[in-house]
Amino acid sequence: RDPDLFDAAIVEFPVLDVEFQSKNYPEFWENGLDHWQRYFGDPEDEADLDLMRKFSPSNLVNQLHGPILLMGGELDPVTNVAQAKLFEAAAIEQGKAVDSHYFSIAVLCATHWRDKFKRSLLIEDFLA
């Protein structure tokens, strides 16, 4: 929404497409799904879908103007890595600067010591 606010971004295990996340949520969200829908909207409601699409970063790739470090977990049950990969592909297609890394055993964050170390190196290199 605010393309001039940041000159670079580090995006980790993200929700980049609210519509995708609303339709591909983890099974354990069932009991609390009403909280998600109260905040983000109901994917069955066309007006809510329009707002999800309007404000999802995946639909605002054309506004990116600085480099992005994108990280995700291949085994993430909450923020499916597919949305990060789709965002990355769209950014690359539009000539945006995106460095990405997908941790093969990570779920919702880098918890294994090797992944934490790799994450730190990626961030350090990106910011350098």
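Analysis parameters
Residues numbered from 1 in each chain as written. Predicted model: local features only at pLDDT ≥ 70, side-chain atom pairs only at ≥ 80, totals over all residues. Heavy atoms only, no water. Core = buried A, V, L, I, M, F, W, Y, C linked by side-chain atoms within 4.5 Å. Buried < 20%, exposed > 50% of the residue type's maximum accessible area, 1.4 Å probe, protein only. Helix = DSSP H or I, 4+ residues; strand = E, 2+ residues; numbered from the N terminus. Expected span 1.5 Å × (residues − 1). Arc of directions from axis to C-beta. Contact = heavy atoms within 4.5 Å. Pairing = 2+ DSSP bridges. Axes fitted to C-alpha atoms, helices over the stretch in contact; angles between N-to-C directions.

Asks: Can you walk me through the nonpolar core in this structure?
Replies: Across soluble globular proteins, nonpolar side chains have a tendency to be buried as a group. Counting residues in hydrophobic clusters, the biggest one holds eleven residues: Val-11, Leu-16, Val-61, Ile-68, Leu-70, Val-81, Ala-84, Phe-87, Ala-91, Val-98 and Tyr-102. Those elements that place two or more of their residues in this core are β2 (68-73), α4 (81-93) and β3 (98-103). Ranked by residue count, the leading element in this core is α4, at four residues. Core analysis: the next-biggest nonpolar cluster, separate from the first, contains eight residues, Leu-69, Met-71, Ala-106 and Leu-122 among them.

Asks: Got a minute to help me understand helix α5 (residues 113-127) in this structure?
Replies: For an α-helix, the turn length of 3.6 residues means that residues three or four places apart are oriented alike. Here α5 contains 15 residues, and its C-alpha end-to-end distance of 21 Å stays within 8% of the 21 Å for a straight helix at 1.5 Å per residue. Taken as a whole, α5 has its buried residues at Asp-115, Leu-122, Ile-123 and Phe-126. Down the axis of α5, the sector holding all buried residues measures 95 degrees, keeping them to one side. Summarising the geometry of α5, the exposed residues directed more than 90 degrees from the buried face are Trp-113, Arg-114, Phe-117, Glu-124 and Asp-125. Packing partners of the buried residues in α5 comprise β1 (9-12), β2 and β3.

Asks: When you look at the sheet that holds β3 in this model, what are you seeing that I'm missing?
Replies: Think of a sheet as strands paired side by side through backbone hydrogen bonds, with each pair either parallel or antiparallel. Strands sit in the order β1-β2-β3 across an open sheet of three strands; the sheet is parallel. Edge positions in the sheet fall to β1 and β3, since each has one partner strand and no second. Going from strand to strand, the sheet's axes swing by 10 degrees on average, the running direction of each strand aside. In this sheet, β3 lies alongside β2 in parallel orientation, the contact comprising six bridges. Within β3, the residue paired with Ile-68 across the bridge is Val-98. Most of the contacts of α4 go to β3, to which it runs at about 160 degrees, and overall it touches β2 and β3.

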